Each structure stands twice: as C-alpha cells, then as structure tokens.
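Report on the structure
Spelled out, the chains give:
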Amino acid sequence: MRKKFKKRPLFRKMGSSHSITIDSTEIENICKETGFSHSQIKRLFSRFNSLDKDNLGYLRREDLSSIPELYNPVRDRIIDVLVSDYGENGQLNFRQFVNVLAIFRRKSHNSNGPNSLENKLRFIFDMYDRDKDNSISQIELLSILQMIVGDNLPDDQLNAIADRTIIELGLPVNEGISFEKFCDCS
C-alpha cells in the first residue's frame with residue numbers, strides 16, 4: 001500500500017556553508033510523483049530547509065516538533081506517523097516529506113494518485129493504528145480520546161465512548177475497527 005521511496009542522494013552540500021540544494025532532475029521527478037508544481041516543490045524545499053536547522057538533509061522528531069502550526073493535542077501522534085510510517089530510522093528526507101504532504105493535496109482526477117481518498121483515509125487510520133495490525137483496537141481508540149480530552153472526562157466515560165463507537169459500527173469491542181470498515185464509515 002504505502003510506497004517506499006528510492007534511497008538515492010537527493011541533496012548536495014555546496015561549499016563550506018553547507019547549504020543544501022536539490023537538482024532540477026529531482027524536482028521534475030518529485031513533481032511527477034506528487035502532482036506538485038515546480039514552484040510548489042521549491043517552496044516546500046525552502047520550508048524543509050528552514051526546519052532542518054542542522055543542515056542534515058533530513059528532519060527528526062525534534063525538527064517537526066518546532067512547527068508552531070502543528071501544535072494540537074495529537075501533535076506527537078502526527079509526528080510519530082510522519083517519522084515512523086513515512087520516514088526511515090527516525091528521519092524524514094525531503095522526498096518523503098513531499099510525498100506525505102502530497103496526500104493532502106486536493107483530490108485530482110487520478111483516483112490512484114498520492115492524494116487519493118484511500119491514501120487520506122490510510123493516513124488518518126494510521127494515526128489510530130499504532131501497532132500496525134490493520135485494526136483500531138479499543139485501546140488505540142481510547143489513546144486518541146485521552147489525547148483530545150485530556151483530564152476533562154473520567155476514564156470510565158472515555159472507555160464507554162470508545163466501546164460505544166466500536167459497537168455502533170456493528171463490531172464486537174474486542175475485534176476493533178478494520179481499515180475496510182473505517183473506509184466504509186467515511
């Protein structure tokens with residue numbers, strides 16, 4: 001399902017300033033993969049470089065944590081999905097960064113492209129399914145609920161909400177929500 005990206009060098013360090021550049025062939029390839037325009041790729045590259053404060057050529061959890069727009073109750077979960085599911089070894093390179101952002105582009109005529117409804121739903125599903133068993137368990141659902149509501153609801157109410165959510169889908173609580181069932185409900 002999720003596409004793994006080639007491990008060829010994407011960046012070149014120039015001179016002693018360690019400025020990182022991307023060549024026009026790579027920009028063209030990324031445009032074809034993602035549907036982003038050349039100017040959008042260049043803007044995303046600039047944003048990537050501003051987050052990569054140590055000029056490493058990749059982003060780490062701490063780099064992504066510095067994004068002020070990403071401050072919300074599930075921020076750490078979003079970062080975990082980005083780095084663990086779309087990156088490699090706790091790092092997200094530019095190509096991976098752009099490919100994951102392409103998921104959230106407006107839907108195009110190509111229903112199989114990176115911005116397909118299925119890929120959007122997969123990203124959201126993966127926010128819940130952290131044990132990667134292709135099922136959102138009651139515990140995983142409860143984990144997100146706790147992140148969202150914090151200490152504002154007692155545990156027994158949160159458990160009841162998680163159980164009821166699964167039951168309302170016509171599933172036994174101990175079975176969880178499959179990706180297929182998740183997609184059927186969207």
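Just so it is clear, the model here is predicted, and its values are computed rather than measured.

Rules of the game
Residues numbered from 1 in each chain as written. Predicted model: local features only at pLDDT ≥ 70, side-chain atom pairs only at ≥ 80, totals over all residues. Heavy atoms only, no water. Axes fitted to C-alpha atoms, helices over the stretch in contact; angles between N-to-C directions. Helix = DSSP H or I, 4+ residues; strand = E, 2+ residues; numbered from the N terminus. Parallel < 35°, antiparallel > 145°, perpendicular 65-115°, else oblique. Contact = heavy atoms within 4.5 Å. Nonpolar A, V, L, I, M, F, W, Y, C, P; charged D, E, K, R; others polar. Buried < 20%, exposed > 50% of the residue type's maximum accessible area, 1.4 Å probe, protein only. Phe/Tyr/Trp six-rings, centres within 6.5 Å; stacked < 30°, edge-to-face > 60°. Lys NZ or Arg CZ within 6 Å of the ring centre and 35° of its normal.

Look at helix α1 (residues 24-34) against helix α2 (residues 38-51): their axes get within 9 Å of each other, and the N-to-C directions meet at 105°. Of the possible angle classes, the one that applies to α1 and α2 is roughly perpendicular. For the pair α1 and α2, the contacting residues are Ile27, Glu28, Ile30, Cys31 and Thr34 in the first and His38, Ile41 and Lys42 in the second. Broken down by class, the residue content of the contact of α1 with α2 amounts to four nonpolar, two polar and two charged.

Right, let's get into the environment of Ile177. Among the structural elements, Ile177 can be located in strand β6 (residues 177-178). Judged by its relative accessible area of 5%, Ile177 is buried. Residues Ile177 and Ser137, 40 residues apart in the sequence, show an inter-C-alpha distance of 6.5 Å. Not counting residues up to four positions away in its chain, the partners in contact with Ile177 are Phe125, Asn134, Ser135, Ile136, Ile166, Leu169, Leu171 and Phe182.

Inspection of every chain in the model, using the stated rule, returns eight aromatic pairs. Ring geometry for Phe94 and Phe97: centres 6.4 Å apart, planes at 35°, overall tilted. Taken together, the residues span about one helical turn, with Phe94 and Phe97 both in helix α5 (residues 94-102) at a distance of three residues. Take Phe97: its relative accessible area is 8%, and that puts it in the buried class. Taken together through their ring pairs, the aromatic side chains of Phe45, Phe48, Phe94 and Phe97 make up a single cluster. A cation over a ring is seen here: Arg122 above Phe179, with NZ or CZ 3.8 Å from the ring centre.

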